[in-house]
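Tertiary structure, described
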Amino acid sequence: MAPKEKPYRVYRGGRLKGPIRHEPLRKDRRDSTDGLGDHPKAKPARRSWRRWVKRGLIALSILLVLGVVWGVLGYLAFRGGVQDANDRLPRGARAALAPQIGLLVTSPTNILVLGIDEGGVRGRGGGARSDAILVLRSDPDENRMAQLSIPRDLRVQIPGRSGFDKINAAYAYGGPALAIRTVQSVTGLEINHVVVVDFGTFPEVIDALGGVTIDVPRPILSNRFECPRASNAACSSWKGWRFRAGEQEMDGREALIYARIRQNQLDPNESDITRGERQQAVIQAIADEVVSLGTFVRGPFIAGDLVRPLATDLSSAQLVQLGWRKFRTPDSGRLRCRLGGVALTEGGISYIQGSEENRSVIAMVTGQSAPQPPPPGSGPFGPGCVVGA
């Protein structure tokens, strides 16, 4: 006898009454292994997003590694050039310096910059006078950097010598060491480091940087020097170097000519202090380019050339710290100051006789008083400070 269909279905969990219904599986469950179904279109989208994230992280890691390697190569080239610059500074100059307490990025520091236009810096003096004298003060606690320009014709007493002389003669008499002691005596500032810069090698450095940007405050028609014409007849009719007013790009030769101008035929009120300001502007423009992104990219190729015109006691690490301090200082924390006085002629020699206001300028540089511009009526040699880049 045929077995009767059982009125229930058997499951592990029990039984259910009623006839067995044979229902086909839904299409979206036929490929499921757990009976819950899946979503074949969702997983590829998620996997694609994760794949792009992973690729992006790998690319970023590679760029970071390349950046670190490139920076290390640039620093090694820079360090080699700095070691040569350290060797060019005579030992006597180091003995004249006040000790540096702490790091440059955390402690106040005074750095004397001497500009020599003699085509080579060995720091021996040898009759060459310092063409530019500048004290750079870094004050990290106040986030300030001050540049103090000292006119080369300032009438001073040079330590160890009788009578009065121009301050730039100290370098000729005793090299960087005597220049350091003289500046310390005149300003009362302890000099922690010294940098001797050869203006004659500026073109090579500036061309390696790709040029510099300088803001010329007023039009210039210079005195006639270094005539660019091919013959004497052409030079006799040449009037001088011309620079328009405003911001402009200069290559190495143009920047050197700009720094060497002694007289502006368009402005008879300009003085030796004005010339010092032009030299200061060129140095500032070079410093701006040194800490730029473009210089970092070309670092392994040009880092050694950047310190070629220098003789200094600063180490490569200290120069990097100084560059970082400059990069971090806002325009509101940058001071451009100068000592000054009145014109004086003695024994047929022209001097600048320092005024009492110079003491106030030193207080501005050290942050003991607020910066003030040269007072009205102080003439072309008026001392003071201005705020800004």
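Residues numbered from 1 in each chain as written. Predicted model: local features only at pLDDT ≥ 70, side-chain atom pairs only at ≥ 80, totals over all residues. Heavy atoms only, no water.

Focus: the packing of aromatic side chains
The way to describe two aromatic rings as a pair is by their centre distance and the angle between their planes. Under the criterion given, the structure shown has three aromatic pairs. Taking 5.4 Å as the distance between ring centres and 65° as the angle between the ring planes, the aromatic pair formed by Phe243 and Tyr258 counts as edge-to-face. Taken as a pair, Phe243 in strand S11 (residues 242–243) and Tyr258 in helix H6 (residues 252–260) lie far apart in primary sequence, 15 residues in all. You can call Tyr258 buried: its relative accessible area is 2%. Looking at Arg155, its charged tip hangs above the ring of Phe164, at a distance of 3.9 Å from the centre. Note that Arg161 overlies the ring of Tyr173, its terminal NZ or CZ placed 3.6 Å from the centroid. (Phe/Tyr/Trp six-rings, centres within 6.5 Å; stacked < 30°, edge-to-face > 60°. Helix = DSSP H or I, 4+ residues; strand = E, 2+ residues; numbered from the N terminus. Buried < 20%, exposed > 50% of the residue type's maximum accessible area, 1.4 Å probe, protein only. Lys NZ or Arg CZ within 6 Å of the ring centre and 35° of its normal.)

A short note on the sheet that holds strand S14 (residues 334–338)
Ordered by their spatial adjacency, seven strands build an open sheet running S13-S8-S3-S4-S5-S14-S17, and the pairing between neighbours is mixed. The open sheet has two edge strands, strand S13 (310–312) and strand S17 (384–387), and neither has a second partner. Adjacent strand axes in the sheet meet at a mean angle of 20° when their direction is disregarded. Examined bridge by bridge, strand S4 (residues 132–139) and strand S5 (residues 144–150) share seven bridges and lie antiparallel to one another. Opposite Ile133, over in S5, you have Ile150 as the bridge partner. On the sheet, helix H10 (residues 316–328) packs against strand S3 (109–116), S4, S5, strand S8 (193–198) and S14 and is oriented at approximately 105° with respect to S5. (Pairing = 2+ DSSP bridges. Axes fitted to C-alpha atoms, helices over the stretch in contact; angles between N-to-C directions. Contact = heavy atoms within 4.5 Å.)

Topic: the packing of helix H4 (residues 202–209) against helix H7 (residues 272–290)
Taken N-terminus to C-terminus, the directions of H4 and H7 make an angle of 35°; their axes are 10 Å apart at the nearest point. For the pair H4 and H7, the sense of crossing is left-handed. In this structure, H4 uses Phe202, Ile206 and Leu209 to contact H7, whose residues at the interface are Val282, Ile283, Ile286, Glu289 and Val290. (Left-handed = near helix turned anticlockwise from the far one by under 90°.)

Describing unusual backbone geometry
The backbone of Asn143 shows a phi angle near 55°, a positive value even though the residue is not glycine. Summarising the element assignment, Asn143 is placed in the loop between S4 and S5. Phi is positive for Glu226, which is not a glycine, with a value near 50°. With respect to the helices, strands and loops of the structure, Glu226 is situated in the loop between strand S10 (220–221) and helix H5 (232–237). Since its relative accessible area comes to 40%, Glu226 is described here as partly exposed.

A short note on the state of the cysteines
Simply put, the disulfide is a covalent bond whose two ends are the sulfur atoms of two cysteines. Under the counting rule described, the total for this entry stands at two disulfides. Here Cys227 pairs with Cys235 through a disulfide, and the sulfurs are 2.1 Å apart. With the S-S bond torsion at -100°, the cross-link from Cys227 to Cys235 turns out left-handed. Judged by relative accessible area, Cys227 falls into the partly exposed class, the value being 27%. With a relative accessible area of 19%, Cys235 lands in the buried category. Shown here is the disulfide that connects Cys337 with Cys385, its sulfur atoms set 2.1 Å apart. Disulfide Cys337-Cys385: the torsion about the S-S bond is 115°, which places it as right-handed. Here Cys337, found in strand S14, pairs with Cys385, found in strand S17; they are 48 residues apart in sequence, far enough to count as distant. Looking at Cys337, the relative accessible area reads 3%, which means it is buried. The exposure class assigned to Cys385 is buried, which follows from its relative accessible area of 2%. (Disulfide = S-S within 2.5 Å.)

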